[in-house]
Each structure stands twice: as C-alpha cells, then as structure tokens.
Amino acid sequence: MITITAFRWVPPAVQGLVRDLRVRWALEEAGLPYQARLIGPDVQASANYRERQPFGQVPTFEEDGLVLFESGAILLHIGARSDALLPIDAAGKARAITWLFAALNTIEVVTEQLAGLDLFFADQDWAKLRRPGVEDAVRRRLGELAAWLRDRDYLEGRFTVGDLTMTTVLRALRHTDLLDAEPALTAYRERCESRPAFRKALADHLAPFEGQAA
C-alpha cells in the first residue's frame, strides 16, 4: 500500500493548498489506492522523519521500501505508472513533463511569493513595498500562460500531469482576483478542478481539518 504524509492541521488560509493535494490527485487519476499518515510539528522535527524528508516537509511517498520526497518527483513517479497522467508516446510524455517543470519553475516561483506576502506578511511594511513588483511578475506570467492556452482545453491537447501541477499552482492565487483578468485561465482551472479525481482528492485533503482549531 502506498503511504503519503500530510499535515493533520494547517491554518485555514492554506487549507486546500498544501502539496499533498497534488499527490492525492495524481493517485486518484492513476487509480492507485493509498493511505495518508497525518503528522504534526513533533514528527516533522524528528530524526526518523528527517531520514525520509530532509527538510521536514510534506508530502512523502512510501511504497515497498521506496521513499520519495518533493511533490514534483512524486508526480513523475506516479505518472510513469499511468497513461492517464503521462502519454505513452515519447514526444507526448516529454511535453507533459516539460509543463510540469514549467508549473514549478516558472509559474510557482512567482505565485508562491505573492501568496506568502499576502497570507503571512500582509501587515509588514517591507511586504507592502515588495508586493507591487511581485504582482507585476505574476500578471506577466499569467498573461504568457493564457496566450499559450488560447483555445486549448489543456496545455497539450489532453489532461496530463502538467495540467494537474499547473492547476495546483494557480490555486495559490485564489485569494486574489488576478485570474479574472485572464478568462482563459479561469476556465482552464475550473475545467481541471471539475474532474472527479480532483474533487475526491480535495475532500480527502480537507477532511482532517474539519472542526479543528489551532
């Protein structure tokens, strides 16, 4: 049985954004059963967990003695087992992987900056000074992504692990109206989030937080 780690509690502002969501989603798309091990700060700091995740983050992925960390690497590992996530043909697979890296290395690096400023440091003077430049960078990348999508339903003609990753990255902007300026991106995100596998993964991700306080 595949076991992943996830947080047993996070602040409401980031519920639905933690990276175990994208791994849960990939496992649902691939039809692979799994179980989640919920952890807190005590486990994160433990030597045993750091043997599995050197930085104390989530998720980790464990199956038959193989332990992986970093959500992108985990997604590629899962994708290799399912053509629902990675096309069988070499070119299609390579393009899907390209978009996974684009989501993490080109889009997420700016969306996460903005989310961090807004969700954790909004009252800090330095953050107020920094925010306009970060928002400009986000708008530029969103415009470029929207220009690529144009009339496409998905990044490469069909849903792949690249779309899965990109959608979770765009969710970091849900507290803003930035996607409203790019209707193609709003429709794209909604299209991906309407998938049954996403809805199941999100429900399972959120379930541990229900009724909990800090």
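Every chain begins its residue count from 1, and numbering advances along the sequence as written. With pLDDT at 70 or above as the cut-off, local features in this predicted model cover only qualifying residues; side-chain atom pairs require 80 or more to be listed or tallied, and sums for whole chains, interfaces and linings still use all residues. Only heavy atoms go into the side-chain values, all of them from the structure, while hydrogens and water stay out.

A.B. asks: How would you explain the overall build of the protein if you had to name every residue and give the values?
C.D. replies: From N to C terminus, the protein includes nine helices and four strands. For helices the rule is a DSSP run of H or I covering at least 4 residues; for strands it is a run of E covering at least 2, with both sets numbered from the N terminus onward. Beginning at the N terminus, the succession of helices and strands in the protein can be written as β-α-β-α-α-β-β-α-α-α-α-α-α. Computation of the radius of gyration draws on C-alpha atoms, with the globule rule given as 2.2 Å multiplied by the number of residues to the power 0.38. In terms of overall size, the protein behaves like a compact globule, its C-alpha atoms giving a radius of gyration of 17 Å where 214 residues would be expected to give roughly 17 Å. By its C-alpha atoms, the protein is 50 × 45 × 30 Å across when sized along the principal axes. The buried share of the protein, reckoned over its 214 residues, is 48%. Residue contacts are counted whenever heavy atoms from the two residues lie within 4.5 Å of one another. A separation of at least 24 residues holds for 70% of the contacts in the protein among residues at least 6 apart in sequence. Every accessible area reported is derived by Shrake-Rupley at a probe size of 1.4 Å, with residue values counting cover from the shown protein chains alone. Accessible surface, the protein as shown: approximately 10,400 Å² in total, 53% of it carbon and sulfur. When charges are counted, Lys and Arg are positive and Asp and Glu negative, with His and the chain ends excluded. Charged side chains are reduced to one point each, which is NZ for Lys, CZ for Arg, CG for Asp and CD for Glu. Here the protein contributes 26 positively and 30 negatively charged side chains, and the mean placements of these two sets differ by 1 Å. Categorising residues by exposure relies on relative accessible area from a 1.4 Å probe, with only protein chains included: less than 20% of the type maximum marks a residue as buried, more than 50% marks it as exposed, and the intermediate range marks it as partly exposed.

A.B. asks: Explain the packing of helix 7 (residues 161-170) against helix 8 (residues 183-193) to me, using residue names and the numbers behind them.
C.D. replies: For helices, the fitted axis covers only the stretch in contact; all axes are lines through C-alpha atoms, and the angles between them, taken along N-to-C directions, range from 0 to 180 degrees. Their axes nearest at 10 Å, the elements helix 7 and helix 8 cross at an angle of 115°. In this structure, the crossing between helix 7 and helix 8 has a hand that is left-handed. Between helix 7 and helix 8, the contacting residues are D163, M166, T167 and L170 on the first element and Y188, R189, C192 and E193 on the second. Residue polarity is assigned by list, with Asp, Glu, Lys and Arg as charged and Ala, Val, Leu, Ile, Met, Phe, Trp, Tyr, Cys and Pro as nonpolar; anything else, Gly included, falls into the polar class. Here the residues of the contact of helix 7 with helix 8 sort into four nonpolar, one polar and three charged. Left-handed describes a crossing in which the near helix is turned anticlockwise from the far one by less than a right angle; the clockwise case is right-handed.

A.B. asks: Can you break down the layout of surface pockets residue by residue, with the values?
C.D. replies: With a probe scaled to a water molecule rolled over the atoms, the places where space remains empty come into view. Buriedness of a pocket was judged along seven lines, with at least five required to meet protein on both sides within 12 Å; pockets are open sets of points on a 1 Å grid over the protein atoms alone, cavities are sets where a 1.4 Å probe fits but cannot get out, and lining residues have an atom within 4 Å of a point. Grid points are joined across faces, edges and corners, and a volume is the space filled by probe spheres set on the points. Each pocket or cavity is described by its volume, and for the largest pocket that value is around 580 Å³. Lining the largest pocket are 24 residues, and of these L17, V18, R19, E108 and E112 sit closest to its centre. Secondary-structure elements contributing two or more residues to the lining of the largest pocket are helix 4 (71-79), helix 5 (90-120) and helix 7. Counting residues per element, the lining of the largest pocket draws most heavily on helix 5, which supplies eight residues. The residue inventory of the lining of the largest pocket, partitioned by class, reads 12 nonpolar, seven polar and five charged.

This is a description of form; function is not addressed.
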